[in-house]
Amino acid sequence: MCGIIGYTGYSEARGILLKGLKTLEYRGYDSAGVAVYHPDFKEVLVSKCEGRVEKLEMRTADVRGTAGIGHTRWATHGGVSDENSHPHKFGSVTLVHNGIIENYAAIKNQLGIARRLKSQTDSEVVAALIDNYYIDDPKEAIINAVKELSGTFGLGIMFDDVPNKLFAVRNVSPIICCQNEDGAYIASDIMAIGEYSEKYFVLPEFSIAEISADSIEITDFNGNAIEPEYLTLDWDIKNSGKCGYPFYMEKEIMEQPEVIEKTISSRIKNGAPDFTADNVDDSIFTDCDNVTVIACGTAMHAGLVGKHLIEKFCRIPVTVNMASEYMYNDPIINERTLVICVSQSGETIDTLEALKYARRRGAKSLSIVNVKGSTIARESENVIYTNAGPEIAVASTKAYTTQVAVFYLIAAKIAQLRELFDEERTAEFVGELSKIPAAVTDVLERRNDIHLLAKGMLTSEHTFMIGRGLDYSSLLEASLKLKEISYIHSEAFASGELKHGTIALITDQTPVIALMTQSDLQSKQVSNIREVQSRGAVVLTFVKKSLVQHGECSFELPDMHDDFMAIPSIIALQLLAYYVSSDKGLDVDKPRNLAKVVTVE
Ligand code: M6R
């Protein structure tokens, strides 16, 4: 949550900072600001405002200087206002902050600065604390201050009397650094600075980066030099624009055949799943008695599909846990538990903390992550990276389907290793999996039909989604997609459960979306559809081709084996949500109150 960018070098900083902030806006869009060292005034000048980066751009036309920091905010402490926007300046210290400082109120009292603060934020208190310790050694002041903080932080810091230098320090919240002949850059996210160098590193926790135009020096809190571990960017950042689509979400939906294919094909060798290139040892799949999936939101829904597959094909019990609840429920876990964390960003703090907890309790860990080098990836013993590429829209689409694709591979791998699949069955499973990109393309090519269905939902206030078995898991995700971007209240139900209470809410004003892709549940699902129709509901049916009866189908899904329908189904329902949102004239990519990366608990 919140985005940080920093630059010092030989070019004007303003353009670089604003460009970075525009890229980072998906991390929070309540307000934005920049602070740039002004060579004539010999101080760091702050410009910031509530609202989007575009507004800041207009307000900063005359900002000059070659070193600065910038921030785009998702409000936590203190409402959305100009004053609460970052950067914050206190005395000679100016900073931008990601994270939450839990003891900021105590520090505020201890410093006796309540009257001098301009904002209600925890971040301004950190600036005051550093300023309090600052005499003439910036690093010493930062170290002394940071030692007093409890909570999470990624900080970009400037001092009025240390021209053209930036400092960075972090705990949990990431800071990425890179350099080229034009200068040095920091950011909370590689997306913001990836275009400047394909080599970058993640600042180690509790170390300080001292950043000048020509160098980035890292030291630990005892002053010892640290050699950063460089990573290579393998995302095509240059193609990370909207490529002619009105919204990133549409572009990302359309990219799915390609990214699913990438995720699958690079991990199939001789007709069987193979994680050798991921350095994932087979033993993690054999030396476990149960699997615990931990994730949030969409990533957790991918875990539900994973549960269906692993339980069905591998006969191992799988629990799927909301990361935010996990460690508070005294989970049953031991060294024979395989924990699988799922996260697009690799930075979701609930998932990260749950992972650390599970590891402390002795579990083995594997994470399915999209962002290379992210914190969850580094905290896991094993990582399988999805090949989704950058996902910018807040609503997750291609990250989800590539996560599900990885679960298919994992299920096949475990079944093979445990001799539940012989060579032929494995090849058959993998063969069906390889057909998914074509099935997805088929759905995408008929997207106009889904667009027409969406038009009938624009004025709805509520909707229900019903399905059975695997379809119910897909609908939980479809329902989240619809509500987060269209603001239509939506609930997914296992069809058979509806009549145990919720059917009371069905009226002729309630559109119901019914998914039917599971052959053995067809007759039951048809009855459940009849039940809501007889209460007046208008039902939109998404039905697998071979299950369509008497032409009753609003959108025909391509035929695949039942267990492989999760991906084609969700693509159709992602499109439905997308068209409802865009036809309502909403900002599809930046839905209200949300941010792409959730780094607060
Ligand atoms: O980055 P993560 O996958 O860990 O994020 C988890 C959720 O915040 C995320 O999936 C969220 O539910 C989606 N943006 C919804 O579309």
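Each value, and the rule that gives it
Residues numbered from 1 in each chain as written. Predicted model: local features only at pLDDT ≥ 70, side-chain atom pairs only at ≥ 80, totals over all residues. Heavy atoms only, no water. Helix = DSSP H or I, 4+ residues; strand = E, 2+ residues; numbered from the N terminus. Expected span 1.5 Å × (residues − 1). Buried < 20%, exposed > 50% of the residue type's maximum accessible area, 1.4 Å probe, protein only. Contact = heavy atoms within 4.5 Å. Pairing = 2+ DSSP bridges. Near = heavy atom within 4 Å. Polar contact = N/O pair within 3.5 Å; in protein donor to acceptor, adjacent residues only side chain to side chain. Areas by Shrake-Rupley, 256 points an atom, 1.4 Å probe, with all protein chains shown as cover. Nonpolar A, V, L, I, M, F, W, Y, C, P; charged D, E, K, R; others polar. Phe/Tyr/Trp six-rings, centres within 6.5 Å; stacked < 30°, edge-to-face > 60°. Lys NZ or Arg CZ within 6 Å of the ring centre and 35° of its normal. Patch = residues over 30% accessible without salt bridge, like charges linked within 9 Å, V, L, I, M, F, W, Y side chains within 5 Å. Salt bridge = Lys/Arg side-chain N within 4 Å of Asp/Glu carboxyl O. Lys, Arg positive; Asp, Glu negative; His and termini not counted. Charge placed at Lys NZ, Arg CZ, Asp CG, Glu CD. Axes fitted to C-alpha atoms, helices over the stretch in contact; angles between N-to-C directions. Parallel < 35°, antiparallel > 145°, perpendicular 65-115°, else oblique.

Colleague: Please set out helix α1 (residues 13-24) residue by residue, giving values where relevant.
Modeller: With 12 residues, α1 ought to run about 16 Å at 1.5 Å a step, and its terminal C-alpha atoms sit 16 Å apart, in line with that. Along α1, the positions that sit buried rather than exposed are A13, R14, I16, L17, L18, G20, L21 and L24. Lining the buried residues of α1 we find β1 (3-9), β2 (31-38), α2 (53-59), β4 (67-73), β10 (183-187) and α6 (190-193).

Colleague: Talk me through the pairing of strand β3 (residues 43-50); I want residue IDs and the actual numbers.
Modeller: Where β2 and β3 come together, 8 bridges link them in antiparallel fashion. Its bridge partner being in β3, V36 is matched across the sheet by L45. In sequence, β2 turns back onto β3 through a hairpin of 4 residues, with K42 there showing a positive phi of about 55°.

Colleague: Any chance you could break down the site of the ligand for me, citing the residues and the numbers?
Modeller: In the region of the ligand, 14 residues are neighbours, and S343, Q344, S345, T348 and E484 sit closest. Within the backbone of S396, one N or O atom sits 2.9 Å away from an oxygen atom of the ligand. Relative to its unbound accessible area of 410 Å², the ligand is 91% covered by the protein chains. The residue inventory of the shell around the ligand, partitioned by class, reads 5 nonpolar, 7 polar and 2 charged.

Colleague: I'd like a description of the packing of aromatic side chains, backed by residues and values.
Modeller: Going through the model one piece at a time under the given rule, you end up with 19 aromatic pairs. On the numbers, 4.2 Å between centres and 10° between planes, the contact of Y185 with Y196 is stacked. Here the residue Y185 occupies a position in strand β10, and Y196 occupies one in the loop between α6 and β11 (199-202), the gap between them amounting to 11 residues. According to the relative accessible area criterion, Y196 is buried, its value standing at 17%. Consider the rings of Y408 and F564, whose centres lie 5.0 Å apart with planes at 10°: the pair is stacked. One end of the pair, Y408, is in helix α14 (residues 398-417); the other, F564, is in the loop between β26 (555-557) and α20 (566-583), with 156 residues separating them in the sequence. Here a set of aromatic residues connected by ring pairs shows up, and it is made of F313, Y408, F421, F429 and F564. One residue, R425, lies across the ring of F421, its end atom 4.7 Å from the ring centre. Residue placement shows R592 over the ring face of Y487; its charged tip is 3.8 Å from the ring centre.

Colleague: Could you give an account of the environment of R592, naming the residues involved and the relevant values?
Modeller: Structurally, the position occupied by R592 is in the segment after α20. A residue is classified by how much of its surface remains accessible, and R592, at 51% relative accessible area, is exposed. When the C-alpha positions of R592 and N109 are compared, they lie 34 Å apart, and in sequence the two are 483 residues distant.

Colleague: If you had to explain a negative patch on the surface to someone new, which residues and values would you point to?
Modeller: On the surface, a cluster of negative charge is made up of D136, D137, E140 and D161. One can find D137 in the loop between α4 (122-133) and α5 (138-147).

Colleague: Describe in detail the packing of α14 against α20, supporting the description with residues and values.
Modeller: One can describe the packing of α14 onto α20 by two numbers: an axis separation of 10 Å at closest approach and a directional angle of 170°. As the angle between them shows, α14 and α20 are arranged roughly antiparallel. Between α14 and α20, the residues in contact are Y400, T401, V404, A405 and Y408 and A566, I567, I570, I571 and Q574, respectively. Taken together, the residues of the contact of α14 with α20 break down into 8 nonpolar, 2 polar and no charged.

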